[in-house]
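Overview (structure and organization)
Now for the letters of each chain:
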Amino acid sequence: MRLPTEAEWEYACRAGTQTPFYNGSTDDSTVGALAWYGSCCGGNSGGQTHAVGGKAANGFGLHDMSGNVWEWVNDWYGTYPSSAQTNPTGPVSAPYRVVRGGSWSNVTYVVRSSYRGFDTPGGAVNSLGFRVARTP
């Protein structure tokens, strides 16, 4: 098992959609059906993590890809080139690793499929977790 690449994580999160949210919506008001979010700003999380599966799954049957806890990915954080990319991997090393998905404490735009966060590799907070991938 391993951490997914950032591109793998986003592919799994989007589940074939091209919209900000994996339910096909561009409307931030639909986030409550998908994600535990917003202890900072009137969301539904109650300021804590929740058991996986309490919100709607995406098109691949995956739960909690948005909100609940940030998820570590294998890539180091850096800017991408402005040209189109296929399965970009980011820099070889950097001070920060990428985290994706947002958490129970974030506003709606942070739990969008495309949003990128970062943290130091030794970072440990109660809104940060991981999801494993496997190479077939």
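In the block above lies the structure referred to throughout.
A brief structural summary. (Residues numbered from 1 in each chain as written. Predicted model: local features only at pLDDT ≥ 70, side-chain atom pairs only at ≥ 80, totals over all residues. Heavy atoms only, no water.)

**Some points on the pattern of salt bridges**
All chains considered together, the criterion is met by 7 salt bridges. What emerges from the salt-bridge pattern is a single network uniting Glu6, Glu10, Arg14, Arg100 and Arg116. (Salt bridge = Lys/Arg side-chain N within 4 Å of Asp/Glu carboxyl O.)

**Regarding the sheet that holds strand β4 (residues 128–130)**
The mixed open sheet is built from 4 strands, whose spatial order is β3-β2-β1-β4. Edge positions in the open sheet fall to β3 (116–119) and β4, since each of these has one partner strand only. Neighbour-to-neighbour, the strand axes of the sheet open up by a mean angle of 50 degrees, direction not taken into account. (Pairing = 2+ DSSP bridges. Helix = DSSP H or I, 4+ residues; strand = E, 2+ residues; numbered from the N terminus. Axes fitted to C-alpha atoms, helices over the stretch in contact; angles between N-to-C directions.)

**Observations regarding the pairing of strand β2 (residues 97–100)**
Residue alternation in β2 divides its side chains into two sets, Arg97 and Val99 and Val98 and Arg100, and both sets are buried. Where strand β1 (residues 70–76) lies against β2, 3 bridges are found, and the strand directions are antiparallel. The residue bridging Glu71 from the neighbouring strand is Arg100, located in β2. In terms of strand pairing, β2 meets β3 through 4 bridges, oriented antiparallel. Among the inter-strand pairings, Arg100 is bridged to a residue of β3, identified as Arg116. (Buried < 20%, exposed > 50% of the residue type's maximum accessible area, 1.4 Å probe, protein only.)

**A word on the environment of Arg116**
Relative to the assigned elements, Arg116 resides in strand β3. Along the primary structure Arg116 and Glu6 are separated by 110 residues, whereas in three dimensions their C-alpha atoms are 9.0 Å apart. Excluding its chain neighbours within four sequence positions, the residues that come into contact with Arg116 are Glu6, Tyr77, Gly78, Tyr80, Val98, Val99 and Arg100. Here Gly78 takes part through its backbone oxygen, which lies 3.0 Å from a polar atom of the side chain of Arg116. (Contact = heavy atoms within 4.5 Å. Polar contact = N/O pair within 3.5 Å; in protein donor to acceptor, adjacent residues only side chain to side chain.)

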